[in-house]
Amino acid sequence: MITQPDPDFTEVEIQAVLQKLAVAAKLLESVCALKDNVKKLKNHPIHHYTLFLSDLMWDDVLSKRQLAYLIVELKEYREDFKRSKNTWVKQRTAMAVDLFQQMIDGNFEIPKQALELLDELYPYPEVIQVEIKTKKFNHTVLDNTMCPNCNHHFQANEIQEYVEVGYRCPQCRQSIRLS
C-alpha cells in the first residue's frame, strides 16, 4: 500500500505555523544577542541558522516534511547547550526545538512558557568597565629630599605616588608629610 504524503497545511494552519515560527525565531534571536556575554556563543553556528530562519520565506514552508528538515540542525544546537551551566540559553534553544516538534505533530498553539521565556531578560549583568579618576594633589616637593625611614635621597622627579598629606618614598613607600 502506497501512502500519500501529508497534505499541505490549511490556510488557518499556515497562519498558526507562521506565528509559532516567529516565536521560535525570536527565542533564537534572544540567544544570539548574548554573543558578547556568553563565551560559547561567540562563534557558534546558531547565528547563521537564526539569520537563515529569520530571512526564510515562510510561504515556502508549508509541509511537515520541510519543518522536520529545519528541526534537524536545531536539535544539534540544543545538544550543544544541553550540558551548559547557562540555563537561560539552554531553555530557549530547547523551547525552539519543542515548538518545531509541536508544529510537526500538528499542535499549532503557542505555549505560555514560550511567551514567558521571550519576556524574561537575561539575568546576568552586562559587564561595564568604569574608569575611576583620582584626585590630583598639588604639592611642592623639595629637590634632594631624604626619607626619614630608610634615609634614601631622591629628587622630586623620582616620586611615583602622591598622597593627600604629601608623597611616598620611591624606595620604601613610606608616607612623607609636607611641612
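Here the structure is shown first, and the text comes after it.
Here goes a summary of the coordinates provided.

1. So, the overall build of the chain
Then comes step 1: When you go through the chain residue by residue, the secondary structure sums to 5 helices and 5 strands.
Then comes step 2: Sequence-ordered secondary structure for the chain, helices as α and strands as β, is α-α-α-α-α-β-β-β-β-β.
Then comes step 3: Within the chain, the fraction of its 179 residues that count as buried is 34%.
Then comes step 4: For the chain, the share of sequence-separated contacts (at least 6 apart) that also reach a separation of at least 24 residues comes to 56%.
Then comes step 5: Of the roughly 12,700 Å² that the chain leaves accessible, carbon and sulfur atoms contribute 50%.

2. Quick word on unusual backbone geometry
A negative phi angle is the norm for most residues apart from glycine, just as the trans form is the norm for most peptide bonds.
Then comes step 1: A positive phi angle is found at Asn151, which is not glycine, with a value near 60°.
Then comes step 2: Among the structural elements, Asn151 can be located in the loop between strand S1 (145–146) and strand S2 (153–154).
Then comes step 3: Given the relative accessible area of 48%, Asn151 is considered partly exposed.
Then comes step 4: One non-glycine residue, Arg173, lies in positive phi territory at about 65°.
Then comes step 5: Considering the arrangement of structural elements, one finds Arg173 in the loop between strand S4 (166–168) and strand S5 (175–177).
Then comes step 6: According to the relative accessible area criterion, Arg173 is partly exposed, its value standing at 47%.

3. What about the packing of aromatic side chains?
Then comes step 1: Tallying each qualifying case throughout the model produces 2 aromatic pairs.
Then comes step 2: A centroid spacing of 5.1 Å and a plane angle of 85° characterise the contact between Trp88 and Tyr122, whose relative ring orientation is edge-to-face. Taken together, the positions of Trp88 in helix H4 (residues 87–104) and Tyr122 in the loop between helix H5 (112–119) and S1 put the pair 34 residues apart, joining distant regions of the chain. One exposure class covers both Trp88 and Tyr122, and it is buried.
Then comes step 3: With centroids separated by 6.3 Å and ring planes inclined at 85°, the aromatic side chains of Phe154 and Tyr167 adopt a geometry described as edge-to-face.

4. Topic: the packing of helix H2 (residues 46–55) against helix H3 (residues 64–82)
Then comes step 1: Running from N to C, H2 and H3 cross one another at 145°; their axes reach a closest spacing of 11 Å. Considering the relative orientation of H2 and H3, their crossing is left-handed. Between H2 and H3, the contacting residues are Ile46, Tyr49, Phe52 and Leu53 on the first element and Leu70, Ile71, Glu73, Leu74, Tyr77 and Phe81 on the second.
Then comes step 2: Here the residues of the contact of H2 with H3 sort into 9 nonpolar, no polar and 1 charged.

5. A closer look at the pattern of salt bridges
Then comes step 1: What the rule picks out here adds up to 5 salt bridges.
Then comes step 2: The closest approach of N and O atoms between Glu161 and Arg168, which form a salt bridge, is 3.4 Å.
Then comes step 3: The exposure class of Glu161 is partly exposed, given its relative accessible area of 27%.

6. Some points on the sheet that holds S4
Then comes step 1: Across the sheet, which stays open at both edges, the 3 strands sit in the order S3-S4-S5 with antiparallel pairing between neighbours. The open sheet terminates on both sides in strands that have one partner only, identified here as strand S3 (162–163) and S5.
Then comes step 2: Pairing of S3 with S4 involves 2 bridges; the strand directions are antiparallel. Across the sheet, the residue bridging to Val163 is Gly166, located in S4.

7. Some remarks on the nonpolar core
Then comes step 1: Judged by nonpolar contacts, the single largest core of 37 residues is most densely connected at Leu41, Ile46, Tyr49, Leu74, Val89 and Phe100.
Then comes step 2: If one sorts the elements of this core by residue count, helix H1 (residues 11–32) sits on top with 11 residues.
Then comes step 3: Setting aside its immediate chain neighbours within four residues, Tyr49 contacts Leu28, Leu70, Ile71, Glu73, Leu74, Tyr77 and Phe100.

Definitions and limits used
Residues numbered from 1 in each chain as written. Predicted model: local features only at pLDDT ≥ 70, side-chain atom pairs only at ≥ 80, totals over all residues. Heavy atoms only, no water. Helix = DSSP H or I, 4+ residues; strand = E, 2+ residues; numbered from the N terminus. Buried < 20%, exposed > 50% of the residue type's maximum accessible area, 1.4 Å probe, protein only. Contact = heavy atoms within 4.5 Å. Areas by Shrake-Rupley, 256 points an atom, 1.4 Å probe, with all protein chains shown as cover. Phe/Tyr/Trp six-rings, centres within 6.5 Å; stacked < 30°, edge-to-face > 60°. Axes fitted to C-alpha atoms, helices over the stretch in contact; angles between N-to-C directions. Left-handed = near helix turned anticlockwise from the far one by under 90°. Nonpolar A, V, L, I, M, F, W, Y, C, P; charged D, E, K, R; others polar. Salt bridge = Lys/Arg side-chain N within 4 Å of Asp/Glu carboxyl O. Pairing = 2+ DSSP bridges. Core = buried A, V, L, I, M, F, W, Y, C linked by side-chain atoms within 4.5 Å.

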